[in-house]
Amino acid sequence: VSVGKSIASILVNSTYGLYERRNSGTIDVKMSMFIGAGSIAGVFLGSIILEKLENLAPIKINGKEILAVQFILLCCFLFLLSYIAVFMIYDYNKTKTRDQIINIGFFTKCKIPPYGIFNSLEYPRMSLILLILLGTVTGFLTGLLGIGGGVIIIPALIYLVGLNGLKAAGTSLLLVWISSFVAVFKNISANNIDWYLCSVLVIGGIIGTFFGTKIGLKISGRKMKIYFVYVVLLAVIMTGYKVLTIIFL
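In this text the structure is predicted, and so the values were computed from the model without any measurement.

Conventions adopted
Residues numbered from 1 in each chain as written. Predicted model: local features only at pLDDT ≥ 70, side-chain atom pairs only at ≥ 80, totals over all residues. Heavy atoms only, no water. Helix = DSSP H or I, 4+ residues; strand = E, 2+ residues; numbered from the N terminus. Expected span 1.5 Å × (residues − 1). Buried < 20%, exposed > 50% of the residue type's maximum accessible area, 1.4 Å probe, protein only. Phe/Tyr/Trp six-rings, centres within 6.5 Å; stacked < 30°, edge-to-face > 60°. Lys NZ or Arg CZ within 6 Å of the ring centre and 35° of its normal. Axes fitted to C-alpha atoms, helices over the stretch in contact; angles between N-to-C directions. Parallel < 35°, antiparallel > 145°, perpendicular 65-115°, else oblique. Contact = heavy atoms within 4.5 Å. Nonpolar A, V, L, I, M, F, W, Y, C, P; charged D, E, K, R; others polar. Polar contact = N/O pair within 3.5 Å; in protein donor to acceptor, adjacent residues only side chain to side chain. Core = buried A, V, L, I, M, F, W, Y, C linked by side-chain atoms within 4.5 Å. Salt bridge = Lys/Arg side-chain N within 4 Å of Asp/Glu carboxyl O. Left-handed = near helix turned anticlockwise from the far one by under 90°. Patch = residues over 30% accessible without salt bridge, like charges linked within 9 Å, V, L, I, M, F, W, Y side chains within 5 Å. Areas by Shrake-Rupley, 256 points an atom, 1.4 Å probe, with all protein chains shown as cover.

## Let's talk about helix 3 (residues 68–95)
Think of an α-helix as turning once every 3.6 residues; residues three or four places apart then point the same way.
1) Next: For helix 3, with 28 residues, the first-to-last C-alpha span of 41 Å sits near the 40 Å given by 1.5 Å per residue.
2) Next: Three or more residues of helix 3 are buried, namely Ala68, Val69, Phe71, Leu73, Leu74, Leu80, Leu81, Ile84, Ala85, Met88, Asp91 and Thr95.

## Topic: the packing of aromatic side chains
1) Next: Here the structure, examined in full by the defined rule, presents 6 aromatic pairs.
2) Next: Judged by centre distance (6.4 Å) and plane angle (15°), the ring pair of Tyr83 and Phe87 falls under stacked. On the criterion of helical spacing, the pair formed by Tyr83 and Phe87 is a turn pair, its members being 4 residues apart in helix 3.
3) Next: Consider the rings of Phe210 and Phe211, whose centres lie 5.1 Å apart with planes at 85°: the pair is edge-to-face.
4) Next: Here the aromatic residues Tyr83, Phe87 and Tyr159 are joined through ring pairs into a cluster of three or more.
5) Next: Here Arg22 stacks its cationic end above the ring of Tyr19, 4.0 Å away from the centre of that ring.
6) Next: Over the aromatic face of Tyr115 sits the side chain of Arg125, whose NZ or CZ is 3.9 Å from the ring centroid.

## Notes on the packing of helix 2 (residues 29–54) against helix 3
1) Next: Between helix 2 and helix 3, the shortest axis-to-axis distance is 8 Å and the interhelical angle comes to 135°. Comparing their axes, helix 3 and helix 2 come out oblique. Note on element contacts: helix 3 touches helix 2 through Val69, Ile72 and Leu73, opposite Leu50, Leu53 and Glu54.
2) Next: When grouped by side-chain class, the residues that make up the contact of helix 2 with helix 3 number 5 nonpolar, no polar and 1 charged.

## A word on the side chain of Thr245
1) Next: Its location among the elements puts Thr245 in helix 8 (residues 221–248).
2) Next: Here Thr245 falls in the buried class, since its relative accessible area comes to 17%.
3) Next: Within the local environment of Thr245, its side chain forms a polar contact with the backbone oxygen of Lys242, the two atoms lying 2.7 Å apart.

## What about the nonpolar core?
1) Next: If you look at the biggest cluster of nonpolar residues, it comprises 41 residues, and the most contacted ones within it are Met31, Leu131, Leu157 and Val161.
2) Next: Contributions of two or more residues to this core are made by helix 2, helix 3, helix 4 (128–145), helix 5 (150–161), helix 6 (165–189) and helix 8.
3) Next: The residues touching Leu157, leaving out its near neighbours within four places in the chain, are Met31, Ile35, Gly162, Leu163, Ala168, Thr171, Ser172 and Leu175.
4) Next: Grouped together as the second largest cluster of nonpolar side chains are 10 residues, Ala8, Ala183, Val184 and Cys198 included.

## A few points about the pattern of salt bridges
A side chain of one charge can pair with a side chain of the opposite charge if their charged atoms are brought near each other.
1) Next: Summed over the entire model, instances satisfying the criterion amount to 1 salt bridge.
2) Next: In this structure, Lys214 engages Glu20 in a salt bridge whose closest nitrogen and oxygen atoms are separated by 3.4 Å. Here the residue Lys214 occupies a position in helix 7 (residues 195–216), and Glu20 occupies one in helix 1 (residues 2–20), the gap between them amounting to 194 residues.
3) Next: For Glu20, a relative accessible area of 16% gives the class buried.

## Some words on the packing of helix 2 against helix 4
1) Next: Between helix 2 and helix 4, whose axes approach to 5 Å, the crossing angle comes to 35°. Read as a crossing pair, helix 2 and helix 4 show a hand that is right-handed.
2) Next: Partitioned by chemical class, the residues of the contact of helix 2 with helix 4 number 14 nonpolar, 10 polar and no charged.

## Comments concerning the side chain of Thr138
1) Next: Along the chain, Thr138 turns up in helix 4.
2) Next: Reaching out from Thr138, the side chain makes a polar contact with the backbone oxygen of Gly135 at a distance of 3.1 Å.
3) Next: In this view, Thr138 contacts Ile152 and Ile153; residues no more than four positions away in its chain are not counted.

## Side note on a nonpolar patch on the surface
1) Next: The grouping of Ile203, Ile207, Phe210, Phe211 and Ile215 at the surface amounts to a nonpolar patch, some 500 Å² of accessible area in total.
2) Next: Relative to the helices and strands, Ile203 is located in helix 7.
3) Next: What makes Ile203 exposed here is its relative accessible area of 56%.

## Some points on the environment of Gly105
1) Next: The residue Gly105 is located in the loop between helix 3 and strand 3 (115–117) in this model.
2) Next: Remark: the alpha-carbon pair of Gly105 and Val200, spanning 95 residues in sequence, is separated by 38 Å.

In structure tokens, the structure reads:
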């Protein structure tokens, strides 16, 4: 239910966010279509595995019975967040002494045809196969963990694809919308959405999206990176605290 509620509120908020960014030039629609195509398959795969996990028997930790699906998802989320935070801090410290940074993604070095041309990149040619695979992985994590993609997609677009911070934020919003749209229908069929709680979260989310978009369009891509690290670190602390309370309290 937590995953379903999260995805439903993210869908509404990302829709509003796209509206706010409609003339900003920060959304690469062409790239989003290829990554989004892979994310659809990934969402269905992640949702299927989530349904399987719900049938697992409770596990015993520290003498207590704990829902297996809850504990497994929290641990996966904690590991993923921690890795992203450490990597982004390392990258920020490594590049902070450079006056001008040309962002070249890892995928640029991979010669896997067929290729597409994306003018939002420093080096426009990019493997379409890799973009579709990236979408499959991020869609899988959306379907399994209920994360809207910002935590996963933004670092992937910056470090793997090579977008700058502002365009990564805008493009990720469209990708979040695509994967969340598919995941919502999957979770509706499984009756995993608490509509009352979701509506409350949407109200707060729209307010946050409005101010976040206004601020995000005014800051540099480099500052966007470090601010995003702060958000991820806060999520690591909150998730780690939740895991500890489940085990020891």
